[in-house]
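Structure assessment
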Amino acid sequence: MFRILTQRVLGQSLLQQGIRPGAVASASRCFASAAKDLTVREALNSALNEEMSADPRVLLMGEEVGEYQGAYKITKGLLDKYGPDRVLDTPITEAGFTGIAVGAAYHGLRPVVEFMTFNFAMQAIDHIINSAAKTYYMSAGQISVPIVFRGPNGAAAGVGAQHSQCYASWYASCPGLKVLAPYSSEDARGLLKAAIRDPDPVVFLENELLYGEAFPVSAEVLDSNFALPIGKAKIEREGKDVTITAFSKMVGFALKAAEILDKEGISAEVINLRSIRPLDRAAINASVRKTNRLVTVEEGFPQHGVGAEICTSVVEESFGYLDAPVERIAGADVPMPYAANLERLALPQVEDIVRAAKRACYRSVPMAAAV
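Being a predicted model, the structure only gives us computed values, none of them experimental. (Residues numbered from 1 in each chain as written. Predicted model: local features only at pLDDT ≥ 70, side-chain atom pairs only at ≥ 80, totals over all residues. Heavy atoms only, no water.)

Let us look at the sheet that holds strand β11 (residues 268-272). Sheets are built from strands that pair by backbone hydrogen bonding, the pairs being arranged parallel or antiparallel. With mixed pairing, the five strands of this open sheet are ordered in space as β9-β11-β10-β13-β14. Two strands lie at the open edges of the sheet, namely β9 (234-237) and β14 (327-329), each paired on one side alone. Here the strands of the sheet are splayed against their neighbours by 25 degrees on average, with no regard to which way each runs. (Pairing = 2+ DSSP bridges. Helix = DSSP H or I, 4+ residues; strand = E, 2+ residues; numbered from the N terminus. Axes fitted to C-alpha atoms, helices over the stretch in contact; angles between N-to-C directions.)

This is the structure:
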């Protein structure tokens, strides 16, 4: 089955593009040199389009990715351009189509699997962990698994506990996986391109509420050859008094908190992690050695979270530089409530980050003392 799928994808898709099978496919796009605004949705769509154009081995699979053009319209226009052999609508069976995609990756294709939400990916977690993440090691390097699992992760709005969980720490704990979490359009475009080109399985955690948000991007970002390095964080805002680490939607919250703190004389450095596994420990520790304080921010549960791993790294490598206890901001340790007022209380807010940074800088009463 996988051999037939491989032959069909490589042969028919090339012919549809007017390229002889066996010829090297190349793609280029012309962009204006000036910067422009790009939504995260557009950034993801353009990355998929360009990588499919450049490499006939890339294909898309998932529920409603074709005829409906994606539940969030990330795959808009791709079925018309590349046909049903490369944009495959699947039944509602995550375990089934994820297993097929992993098998296709074993045979040299580069599948991009879309989950309508990563909460549904739990149906397929055996294929993601046991089949994709461990095969390169278990085959002594003989079988690569170039596959991307992508879709919205974490909380949206009013969708309850079974549709709101952040899985960053789950997947980041597994050797063999790379785990990426974009914030901006530059992140989304550059990291997705890097993920598709990578020889290893990549879990690509998007945020539904960021899809429609527009960010300015440069001409360099719009170039078809653009890609961001996996495993490198970005300093979104430089500061000298406290380091704030965040990923995905929480980067925006951290930046808003930094603006508020600046008005009160606290200079916060905001680090956009981008990559959860591998984690850019060097960038985090270098920042903490400069600011001497750390606040970690994430939407996920606090126990065994991404922030906990960051705290451990800093304690192990930069403990002597800390002038205050590390502050951890995370979601409440409860299943996500459905009621809007309780949902807000269960998720980190800008004011939570501001208070934590003030505590780290001894600008407010410590939490233990207040209690």
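From this point, things continue past the structure.
In summary, the side chains of a regular strand alternate between the two faces of the sheet. Residues L294 and T296 point to one face of strand β13 (residues 294-297) and V295 and V297 to the other, with burial holding for every one of them. Strand direction decides the pairing type here: strand β10 (residues 242-246) and β13, joined by three bridges, are parallel. Bridging from a neighbouring strand, I244 pairs with V295 of β13. Pairing geometry for β13 and β14, over three bridges, is parallel. Bridging across to β14, V297 finds its partner in I329. (Buried < 20%, exposed > 50% of the residue type's maximum accessible area, 1.4 Å probe, protein only.)

Attention now moves to the confidence of the model for the protein. For the protein, per-residue confidence averages 91 on the pLDDT scale, and 89% of positions sit at 70 or higher. Per-residue pLDDT stays below 50 along residues 13-33; that stretch engages in 38 contacts with residues further than four places along the chain or on separate chains. (pLDDT = per-residue confidence, 0-100. Contact = heavy atoms within 4.5 Å.)

Moving on, we come to the pattern of salt bridges. Tallied over the entire structure, the rule returns 21 salt bridges. Between E114 and R150 there is a salt bridge, with the nearest N and O atoms lying 2.6 Å from each other. Of the two residues, E114 is situated in strand β4 (residues 110-114) and R150 in strand β5 (residues 148-152); the sequence distance between them amounts to 36 residues. The residues E114 and R150 share a single accessibility class, namely buried. Put simply, K358 and E264 hold a salt bridge, and the shortest N to O gap is 2.7 Å. Linking K358 in helix α14 (residues 350-360) with E264 in the loop between α10 (249-263) and β11, this pair joins segments that are 94 residues apart in sequence. Here the residues in one salt-bridge network are E50, E51, R189, K193 and R197, joined through shared partners. (Salt bridge = Lys/Arg side-chain N within 4 Å of Asp/Glu carboxyl O.)

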